[in-house]
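If you want the building blocks of each chain, they are given just below.
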Amino acid sequence: MLFAHDTEVSLNATAALVNTARSSGEELPDVAALDAFVAHWRWTGSRTRDQAELDAVRDLRTRLAALWDMTEDEAVVLVNTLLRDASALPQLVKHDGWEYHIHATSPDAPLADRMAVDAAMAFADVIRADELARLRCCAALDCADVLVDLSKNRSRRFCSLTCANRVNVAAYRSRRSAS
Ligand SMILES: [Zn+2]
Ligand SMILES: [Zn+2]
């Protein structure tokens, strides 16, 4: 494992959040869609389940998406801003079957603030390890989704198996028709 487990989960969750507004269009159109996202990534803590919460998460999504295009110094400014704005206070906690991991916000902080700080803590690890180059865009030409390559040999190129398979099948077909 490259980073701590909670860091890797947070990085993948951040990429997934960014990808809710990429190749497939708006995938967080309403509170029900946000509920499904929150359940899938096993977010705990308070919810308001209203339009304001959804809007705050979508705004955060836009800010986090920029990380994939930022220099290290720019990413540092964003990470520090996210931590400062939410008055982050890192604490080790254990709950809901997870082993010890860090929460830097209280469970009753707004969902978007908790997501922001979680992502910021994870990216702080990435920056400290000088691994921002692991932030990539999917290598499939028709896909705009992002990914964080957490593989040992830095070999991950696609956002999903779906994209990897589609590109491999296309390459196979073009090899066959050429021969
Ligand atoms: Zn937790
Ligand atoms: Zn893709």
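Details of the structure are given in the entry above.
Please read these numbers as outputs of a predicted model, since none were measured by experiment. (Residues numbered from 1 in each chain as written. Chains lettered and ligands numbered in written order. Predicted model: local features only at pLDDT ≥ 70, side-chain atom pairs only at ≥ 80, totals over all residues. Heavy atoms only, no water.)

Draft legend 1. Structural context of a negative patch on the surface. The grouping of Glu72, Asp73, Glu74 and Asp130 at the surface amounts to a negative patch. Relative to the helices and strands, Asp130 resides in the loop between α5 (111–128) and β3 (135–137). Look at Asp130 and you get exposed, because its relative accessible area is 59%. (Patch = residues over 30% accessible without salt bridge, like charges linked within 9 Å, V, L, I, M, F, W, Y side chains within 5 Å. Areas by Shrake-Rupley, 256 points an atom, 1.4 Å probe, with all protein chains shown as cover. Salt bridge = Lys/Arg side-chain N within 4 Å of Asp/Glu carboxyl O. Lys, Arg positive; Asp, Glu negative; His and termini not counted. Charge placed at Lys NZ, Arg CZ, Asp CG, Glu CD. Helix = DSSP H or I, 4+ residues; strand = E, 2+ residues; numbered from the N terminus. Buried < 20%, exposed > 50% of the residue type's maximum accessible area, 1.4 Å probe, protein only.)

Draft legend 2. Summary view of the coordination of the zinc ion (ligand 1). The protein atoms donating to the zinc ion (ligand 1) are His95 (NE2), His101 (NE2) and His103 (NE2), with metal-donor distances spanning 2.0 Å. Mapped onto the sequence, the donors of the zinc ion (ligand 1) take the spacing H-x5-H-x1-H. Taking the relative accessible area as the measure of exposure, His103 reaches 23% and is therefore partly exposed. (Donors = N, O, S within 2.8 Å, 3.2 Å for Na, K, Ca; no water.)

Draft legend 3. Spatial organisation of the pattern of salt bridges. The tally for this structure, following the rule as stated, stands at 10 salt bridges. We note a salt bridge from Asp125 to Arg128, for which the minimum N-O separation is 2.6 Å. Residue Asp125 and its partner Arg128 are located together in helix α5, separated by 3 residues, close to a single helical turn. In this structure Arg128 comes out as exposed when scored by relative accessible area, which is 68%. Residues Arg154 and Glu131 are paired through a salt bridge, measuring 3.0 Å at the closest nitrogen-oxygen approach. Here the residue Arg154 occupies a position in the loop between β4 (146–148) and α6 (161–178), and Glu131 occupies one in the loop between α5 and β3, the gap between them amounting to 23 residues. Among the residues examined, Glu131 registers a relative accessible area of 12% and is labelled buried. One network of salt bridges, with partners in common, ties together Asp35, Arg47, Arg49 and Glu53.

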